[in-house]
Amino acid sequence: MSVYVSDYPRSWVSRDIYDLFDREAGVVDRVDMKEKYSFVIFKDQSSADDAVNRLNDHDTGRSRLRVEISKGDNRKKKDQPITSNIVFVVNFDKENTTERDIERFFEDFHVQSVEMWRGGKGIRNKNYCFVTLRDENCAKGAIEVLDGKYLGDRQVTVEPRSGHAPRRRSSRDRTERRDSRDREYRRQNRGYHKK
């Protein structure tokens, strides 16, 4: 069972939330920290209920916590059968985590590649990625060992991939697209330039 938590100080990291909820409400399984809110996952329903009763409107010194039972499906994807050597990784610090950090985090599981989602101009705009490992056994081991571990100050989730990982575009793909656009532009604008 999980609870939704918001309105905590911006300086808090997942360890701060974990410690407060573990101390006040019972055994915390993990904290999935997003940018402006978190989910605290408990091992049982009574701990989640205690968290809501004890910590909703809790004064943090800077704000008052909002804590409520989360809406949605609490089934874990990691219980799905492993049918791929690609794992989905979420909840790392998108500002400070590099592909190399992810590679080091998974180094015992034979990393083949890391694909981080990037926005325009190469800026990481999401805190998730896909990691391709040597085989399905490595993926299963990584999920069992690394799910819930800390990468920096964030407790990360490692799950089986669902759907398809993005295809990494090579520099050759980008060059071919750019060359094609340039040829098309020159073709369309032939004869329109003053000499």
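See the structure above.
Rules and cut-offs
The residue count restarts for each chain, going from 1 along the sequence in the order it is written. The model is predicted, so local features are restricted to residues of pLDDT at least 70 and side-chain atom pairs to those at 80 or more, both for listing and for counting; the totals for chains, interfaces and linings are taken over all residues. Hydrogens and water molecules were not included; the side-chain quantities draw on all heavy atoms of the structure. Burial classes: relative accessible area under 20% of the type maximum marks a residue as buried, over 50% as exposed, and values in between as partly exposed (1.4 Å probe, protein chains only). Comment: elements are numbered from the N terminus, with helices defined as DSSP H or I runs of at least four residues and strands as E runs of at least two. A pair of strands counts as paired when DSSP detects no fewer than two bridges linking them. Definition used in this section: a nonpolar core is a set of buried Ala, Val, Leu, Ile, Met, Phe, Trp, Tyr and Cys residues joined via side-chain atoms within 4.5 Å. Note on contacts: a residue pair qualifies if any of its non-hydrogen atoms lie within 4.5 Å across the two residues. Every axis corresponds to a line fitted to the C-alpha atoms, with the helix fit spanning only the stretch in contact, and the corresponding angles, defined between N-to-C directions, vary from 0 to 180 degrees. Any Phe, Tyr or Trp ring, taking Trp's six-membered ring, that has another such ring centre within 6.5 Å forms a pair; planes under 30 degrees apart are called stacked, those over 60 apart edge-to-face, and the others tilted. Working rule: Lys NZ or Arg CZ, within 6 Å of ring centre, within 35 degrees of ring normal, means a charge sits over the ring.

Undergrad: Would you explain the pairing of strand S5 (residues 86–90) in this entry?
TA: Regular strands place their side chains on alternate faces of the sheet. By the criterion of burial, S5 is predominantly enclosed, with five of the five residues buried. Covered by surrounding structure in S5 are Ile86, Phe88 and Val90 together with Val87 and Val89, the residues of both alternating faces. Where S5 meets strand S7 (residues 128–133), five bridges bridge the pair, whose relative direction is antiparallel. Among the inter-strand pairings, Val89 is bridged to a residue of S7, identified as Cys129. Bridge count for S5 against strand S10 (residues 157–160) is four bridges, and the pairing is antiparallel.

Undergrad: In this structure, what is going on with the nonpolar core? I would like to understand it.
TA: In globular proteins that are soluble, nonpolar side chains generally tend to be buried together. Counting 20 residues, the largest nonpolar core has Val87, Phe92, Ile102, Phe106, Cys129, Val131 and Leu133 as its most contacted members. When contributions to this core are tallied by element, the ones reaching two or more residues are S5, helix H3 (99–105), strand S6 (111–116), S7 and helix H4 (136–146). Sort the elements by how many residues they give to this core and H4 lands first, with five residues. Leave out the neighbours within four places in its chain, and Phe92 touches Thr97, Ile102, Met116, Lys126, Asn127, Tyr128, Cys129, Leu151, Arg154 and Val156.

Undergrad: Whenever I open this one, the environment of Trp117 confuses me. Can you help?
TA: Among the secondary structure elements, Trp117 is positioned in the loop between S6 and S7. Taking the C-alpha atoms as reference points, Trp117 and Phe130, 13 residues apart in sequence, are found 8.6 Å from one another.

Undergrad: Can you walk me through the sheet that holds strand S3 (residues 37–42) in this structure?
TA: Across the sheet, which stays open at both edges, the four strands sit in the order S2-S3-S1-S4 with antiparallel pairing between neighbours. Two strands close off the open sheet at either side, each with one partner strand: strand S2 (28–33) and strand S4 (66–69). Strand-to-strand twist in this sheet, taken as the mean axis angle between neighbours without regard to direction, amounts to 20°. Here four bridges tie strand S1 (residues 2–6) to S4, and the two strands are oriented antiparallel to one another. Bridging from a neighbouring strand, Val3 pairs with Ile69 of S4. Each of S1, S2, S3 and S4 touches helix H1 (residues 14–25); the most contacted strand, S2, lies at about 145° to it. Against the sheet, helix H2 (residues 45–55) contacts S1, S3 and S4, and its axis sits at roughly 150° relative to S4.

Undergrad: What is the right way to read the environment of Glu136 from this model?
TA: You can see Glu136 is positioned in helix H4. Distance from Glu136 to Thr83, taken between C-alpha atoms, is 6.6 Å for residues 53 residues apart in sequence. Glu136 has contacts with Ile82, Thr83, Ser84 and Asn85, leaving out every residue within four places of it along the chain.

Undergrad: Could you clarify how one ought to interpret the sheet that holds S5 in this entry?
TA: Remark on secondary structure: sheet strands pair via backbone hydrogen bonds, oriented parallel or antiparallel. Spatially, the four strands line up as an open sheet ordered S6-S7-S5-S10, and their pairing is antiparallel. The outermost strands of the open sheet, each flanked by one partner alone, are S6 and S10. Geometrically, the sheet is characterised by an average inter-axis angle of 25° between neighbouring strands, direction not taken into account. Bridge analysis of S6 against S7 gives five bridges, and the strand direction is antiparallel.

Undergrad: Hey, could you run me through the pairing of S2 in this one?
TA: Buried residues dominate S2, accounting for five of its six residues. Between the antiparallel neighbours S2 and S3 lie three residues.

Undergrad: Would you mind showing me how to read the packing of aromatic side chains here?
TA: Each aromatic ring pair is described using two quantities: the centre-to-centre distance and the angle formed by the ring planes. A full pass over the atoms with the stated rule returns eight aromatic pairs. Ring geometry for Phe21 against Phe42: centres 6.4 Å apart, planes inclined by 50°, an arrangement best described as tilted. One end of the pair, Phe21, is in helix H1; the other, Phe42, is in strand S3, with 21 residues separating them in the sequence. Note on accessibility: Phe21 and Phe42 belong to one class, buried. Summarising the aromatic geometry, the rings of Phe88 and Phe130 are spaced 5.6 Å apart at their centres and angled 55° between planes, so their arrangement reads as tilted. With a gap of 42 residues between them, Phe88 in strand S5 and Phe130 in strand S7 connect regions that are remote in the sequence. Phe130 shares its class with Phe88; the two are buried. Taken together, the ring pairs connect Tyr4, Tyr37 and Phe39 into an aromatic cluster. The ring of Tyr18 is capped by Arg15, whose NZ or CZ atom sits 5.2 Å from the centre of that ring.

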